[in-house]
Each structure stands twice: as structure tokens, then as C-alpha cells.
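Remarks on the overall topology
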Amino acid sequence: MKAALMFGAGDVRVVEVPDPVIQKPTEALIRVTYACVCGSDLHPYHGLADTPEGVSMGHESIGVVEEVGADVRTLVVGDTVIVPFAWSDGTCAFCRDGVHTSCVHGGFFSGAQAEKMIVPYADGTAVVVPAGTDESLMPSLLTLSDVYLTGYHAAVRGGVTAGTTVTVVGDGAVGLSAVLAAKQLGAETIILMGRHTARTDLGRELGATHLVAERGDDGVAKVMEITGGLGSHAVLEAVGHMPAYEQAYRIVRPGGTISRVGLPQYEDAPVGFGSLFGKNATLTGGPAPVRAYLEQILPQVLDGTINPGRVFDRELPLDDIAQAYRLMDSREAIKVLIRP
Ligand SMILES: [Zn+2]
Ligand SMILES: [Zn+2]
């Protein structure tokens, strides 16, 4: 089969690899029908050391079940399934707590940018899309494997409810998803911090009430002005770099919450009096347990309440994966849909 492998920074290629085979009775084999490139794929794209054997890429997928292991109960051959970016058994203490990304049998996918993929703990992991679902909904359904529900997780962890003032730091696909999620959860004021107009325009359509293009001191001043000097109840940080975190603790309202879903590219961050402690601010967030939300949000996509697939502004065949990475790295594309 064909699969995208990364061989070093800036070097992603589609190569021929052996077809994956089911090795455990709890696994399923799927033929990937929709995948995409994630902002987090750009981290190795920038920094991966030369790797002659290649690293398999991709963790967001929809596929059709081709084969199931002997113990798989909820999936049958021919089902179309959404596969979250992390697998989980659905039964352990952490899964029951809704923290599926910490499942004791869990792990994080790579290899979704390929024609076929093995889904471990298929019953716990994959969610079936109802038969007959319109093909045009697939991009939005694909966002339930990661990007929309990552934004949703940011909003949930941020305590966003009706009437809340929310600031989203970052105008990438996750930030835009967080805007949409905050609106769904009833936020009244939604400030989007970002400076790429194609993205902030979409943010406006998805629910942002204010846009702040400035960064640093000017950005902080702008948010404080919009919030009447109070700051934001929830700051949803969807970038992962230190300046975004610093922005977040400076604009969070006393008693408010910073919710991070941008994969932190730093190990140390201030938590003392000048950042979190003095404001009684809560710091939360982490890898989104999208499986915990998936079945609840699925109907909203199926009935058209939300259309989170709008973050996909380009579509390319798997063969053109190198171009997909280039477009996202150069910010010419917000998020690229891949058709294996
Ligand atoms: Zn992702
Ligand atoms: Zn578990």
C-alpha cells in the first residue's frame, strides 16, 4: 500500500510499504478514505533528524472497516468509522473518567496518511458513522477525530458556559475550532487573537465577536480594553509557544482559567504570583480525549447544527502529501484534507 513517511525535516514522501495486518483479536483493519495534515505534524516537519527508515505520519482519519479481529463486537466489515487520534479501550478507570488519552491500553496514532491502517482496541476507539450519511459531511466528521474536538476540549476545560467571555489565542485550525466550540457552549464575547485575515475572517463567521491582530503588550492592551479592563474568563491557548502562554496569563481574568491545547514547545513556564497565583487563575488542558465527546457531538454534525469541516480549505490526493505539508507550513492553507 501507499503511505506517507517523513525522512527528515521538510522531507515527506509517499512510498510503497507492506499492507498492515491484524495481529490481535481486538484490532480492526480499515481502508482510509479521509485523512488530513495536522498543525502538530509541522513540528517534526521542522525538526525531525534524518531518519533513513522513515516515520509514518498522520493521526486523523475516517475509514471503511475491511477486517475485524475475533473479539471485535461493535464493528462489522463495511462500516464507515471515525478514528480518534488516540486509541483507547473504553473500559479502564481513566476511560471511565473521560480521560481516554490516558487509557492504560492507549496510544497515539501515526500512519493515518496511508491507504490502510490498524485500529487497536477497535471497539473502544472507533465510532461508526450511520450508513447512508451524505459524503459531503465527511470533512466535518473527520474533524471529530481531532481538530474540532480538540477546540471543544479547550472550551470545556476552560469552563466556557453561557455568558462567558472567552479569548482564543491562535488562528490555526484548532483555534478556529475553539471559537466555534465556545459559541456552541454559549460564550457571549469571543475574542480571537490572530493576524492572518483569511483565518480571522473565517473565525468571525464561526462565532468570534472581536478580532485582535496585535501581539505582546499591544495585544494584551486590546483584550483588556474589549473586556472593560477585567480580562477574559477563559483563555483558550491553541498555539503552544511561550509567547502565547504569556499572553494567556496576562489576559486571564482573576479567578479565570487558561486552557491549553496547543502542544507545548516549552518545558518551563511561569506559575508564580505574577502569572497564575496572584490572579487565582486555573491552568488546565492537555491532549483532548476526543473519544469522550465524539458520540455526543456526532449528531450536531449529522443534522447540520455545526459545520466544523470549514477549517479545510484545500484537498489533495495522498500522492501530493508533500505539497499539503508545504501549503500548511507556509500558511497558504489552514488545513489540508487528504484523500488516499
Ligand atoms: Zn491532529
Ligand atoms: Zn482505557
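Residues numbered from 1 in each chain as written. Chains lettered and ligands numbered in written order. Predicted model: local features only at pLDDT ≥ 70, side-chain atom pairs only at ≥ 80, totals over all residues. Heavy atoms only, no water.

Heads up, the rule is: UniProt positions are given in the numbering used here, feature names are shortened, and annotations may be inferred rather than shown by experiment.
Per an unreviewed UniProt entry, the recorded name for the chain is Alcohol dehydrogenase catalytic domain-containing protein, and the organism is Sanguibacter inulinus. On record in UniProt, under Sequence similarities (unreviewed entry), the comment for the chain is "Belongs to the zinc-containing alcohol dehydrogenase family." The heading Cofactor (unreviewed entry) in the UniProt record of the chain holds the text "Zn(2+)".

1. Structural notes on the domain arrangement of the chain
Stated precisely, the cut-off is as follows: Residue ranges labeled as domains rest on an automatic or database domain assignment. Throughout, a contact is declared for two residues whenever any of their heavy atoms are within 4.5 Å. As a working definition, buried area equals the accessible area (1.4 Å probe) given up by two parts on being put together, with both sides summed. When a carboxyl oxygen of Asp or Glu lies within 4 Å of a side-chain nitrogen of Lys or Arg, that pair is called a salt bridge. Polar contact criterion, stated in full: a pair of N or O atoms within 3.5 Å, where within protein one must be able to donate a hydrogen and the other to accept it, and residues adjacent in sequence count only if both atoms are side-chain atoms.
Along its sequence, the chain is organised into domain 1 (2-146 + 289-339) and domain 2 (147-285). The gap between the C-alpha centroids of domain 1 and domain 2 is 26 Å. Taken together, the contacts link 23 residues of domain 1 with 19 residues of domain 2. Together, Tyr293, Arg310 and Ile334 form the three largest contributors to the area buried by domain 1 at its contact with domain 2, with a combined 31%. For the pair domain 1 and domain 2, the number of links is one salt bridge. Put simply, Glu205 and Arg310 hold a salt bridge, and the shortest N to O gap is 2.4 Å. At the boundary of domain 1 with domain 2, the tally comes to 10 residue pairs in polar contact (both at pLDDT 80 or more).

2. A closer look at the coordination of the zinc ion (ligand 2)
Stated formally: Only nitrogen, oxygen and sulfur atoms qualify as donors, provided they sit within 2.8 Å of the metal or within 3.2 Å for Na, K and Ca; with water excluded from the atoms, sites may seem incomplete. Every angle between 85 and 135 degrees makes a four-donor site tetrahedral, while opposite donors more than 155 degrees apart, with all other angles between 65 and 115, make a four-donor site square planar and a six-donor site octahedral; other sites are irregular. Burial classes: relative accessible area under 20% of the type maximum marks a residue as buried, over 50% as exposed, and values in between as partly exposed (1.4 Å probe, protein chains only).
Bound to the zinc ion (ligand 2) on the protein side are Asp89 (OD), Cys92 (SG), Cys95 (SG) and Cys103 (SG), at distances that span 2.1 to 2.3 Å. For the zinc ion (ligand 2), the four donor atoms are set out with angles of 93 to 122° between them, so the coordination reads as tetrahedral. For the zinc ion (ligand 2), the donor residues sit on a single chain with the sequence spacing D-x2-C-x2-C-x7-C. Accessibility assignment for this pair places Cys92 and Cys95 in one class, buried.

3. Considerations on the packing of helix α5 (residues 147-157) against helix α6 (residues 173-184)
Formally: With axes taken as lines fitted to C-alpha atoms, and helix axes fitted only over the stretch in contact, angles between N-to-C directions fall between 0 and 180 degrees. Labels follow the DSSP assignment, with helices taken as runs of H or I lasting at least four residues and strands as runs of E lasting at least two, numbered in each case from the N terminus. When describing relative orientation, an angle under 35 degrees is termed roughly parallel and one over 145 degrees roughly antiparallel, while 65 to 115 degrees is termed roughly perpendicular and anything else oblique. It is the rotation of the near helix from the far one that decides the hand of a crossing: anticlockwise by less than a right angle makes it left-handed, clockwise makes it right-handed. Each residue receives one of three labels: charged for Asp, Glu, Lys and Arg, nonpolar for Ala, Val, Leu, Ile, Met, Phe, Trp, Tyr, Cys and Pro, and polar for the others, Gly being one of them.
Look at α5 against α6: their axes get within 7 Å of each other, and the N-to-C directions meet at 55°. Taken together, the axis directions place α5 and α6 in an arrangement best described as oblique. Taken as a pair, α5 and α6 cross one another with a handedness that is right-handed. Contacts between α5 and α6 pair Val147, Tyr148, Thr150, Gly151, Tyr152 and Ala155 from the former with Ala173, Val174, Ser177, Ala178, Leu180, Ala181, Ala182 and Gln184 from the latter. Classifying every residue of the contact of α5 with α6 gives 10 nonpolar, four polar and no charged.

4. Describing the UniProt feature "domain: Enoyl reductase (ER)" (unreviewed entry) in the chain
Following the UniProt record, one finds the feature "domain: Enoyl reductase (ER)" (unreviewed entry) at residues 8-338. Secondary structure over residues 8-338 splits into 29% helix and 24% strand, and the C-alpha atoms at its two ends are 21 Å apart.

5. Regarding the layout of surface pockets
Going by this rule: The method works on a 1 Å grid over the protein atoms by themselves. A cavity is a set of points holding a 1.4 Å probe that cannot get out, a pocket is an open set with protein on both sides within 12 Å along at least five of seven lines, and residues with an atom within 4 Å of a point line them. Grid points are joined across faces, edges and corners, and a volume is the space filled by probe spheres set on the points.
What the second largest pocket holds in volume is close to 240 Å³. Forming the walls of the second largest pocket are 15 residues, and the residues nearest its centre are Met1, Ser56, Ser110, Gly111 and Lys116. Sorting the residues of the lining of the second largest pocket by element identifies β1 (2-8) and β9 (116-119) as the ones contributing at least two each. The biggest single contributor to the lining of the second largest pocket is β9, with three residues. Within the lining of the second largest pocket, the residues separate by chemical class into 11 nonpolar, three polar and one charged.

6. Let's talk about the pairing of strand β11 (residues 165-169)
This is how the line gets drawn: At least two DSSP bridges between two strands are required for those strands to pair. Note on handedness: a crossover is taken as right-handed if, strands pointing away from the viewer, the path from the first strand over the helix to the second is clockwise.
Taking burial as the measure, the five residues of β11 include five buried ones, the bulk of the element. Every second residue of β11 is oriented toward a common face, with Thr165, Thr167 and Val169 on one face and Val166 and Val168 on the other, all of them buried. Both β11 and strand β12 (residues 189-193) contribute to a ladder of five bridges, which runs parallel. For Thr165, the partnering residue across the bridge sits in β12 and is Thr189. This β-α-β element, β11 to α6 to β12, shows right-handed connectivity.

7. Here we look at the sheet that holds strand β13 (residues 210-212)
In spatial order, the strands read β13-β12-β11-β14-β15-β16; together these six strands make up an open sheet with parallel pairing. In this open sheet, the two edge strands, each paired with only one partner strand, are β13 and β16 (282-285). Adjacent strand axes in the sheet meet at a mean angle of 20° when their direction is disregarded. Examined bridge by bridge, β12 and β13 share three bridges and lie parallel to one another. If you follow Leu192 over to β13, its bridge partner there is Leu211.

8. Some remarks on empty space enclosed by the protein
In this approach a probe as big as a water molecule rolls over the atoms, and the regions it shows empty are the leftover space. For the coordinates displayed, the defined rule picks out one cavity of 30 Å³ or more. A volume near 30 Å³ is recorded for the largest cavity. Lining the largest cavity, in full, are Pro84, Phe85, Ala86, Ser88, His100, Thr101, Ala288, Pro289, Val290 and Arg291. Taken together, the residues that form the lining of the largest cavity break down as six nonpolar, three polar and one charged.

9. Considerations on the pattern of salt bridges
A complete count under the given rule lists 10 salt bridges for this structure. As a salt-bridge pair, Asp319 and Lys2 come within 3.1 Å of each other at their nearest N and O atoms. Here Lys2 lies in strand β1 and Asp319 lies in the loop between β17 (314-317) and α11 (321-329), a separation of 317 residues in the sequence. Residue classification places Asp319 among the partly exposed positions, given a relative accessible area of 48%. One salt bridge connects Arg13 with Asp11, and the closest N-O pair in it is separated by 2.9 Å.

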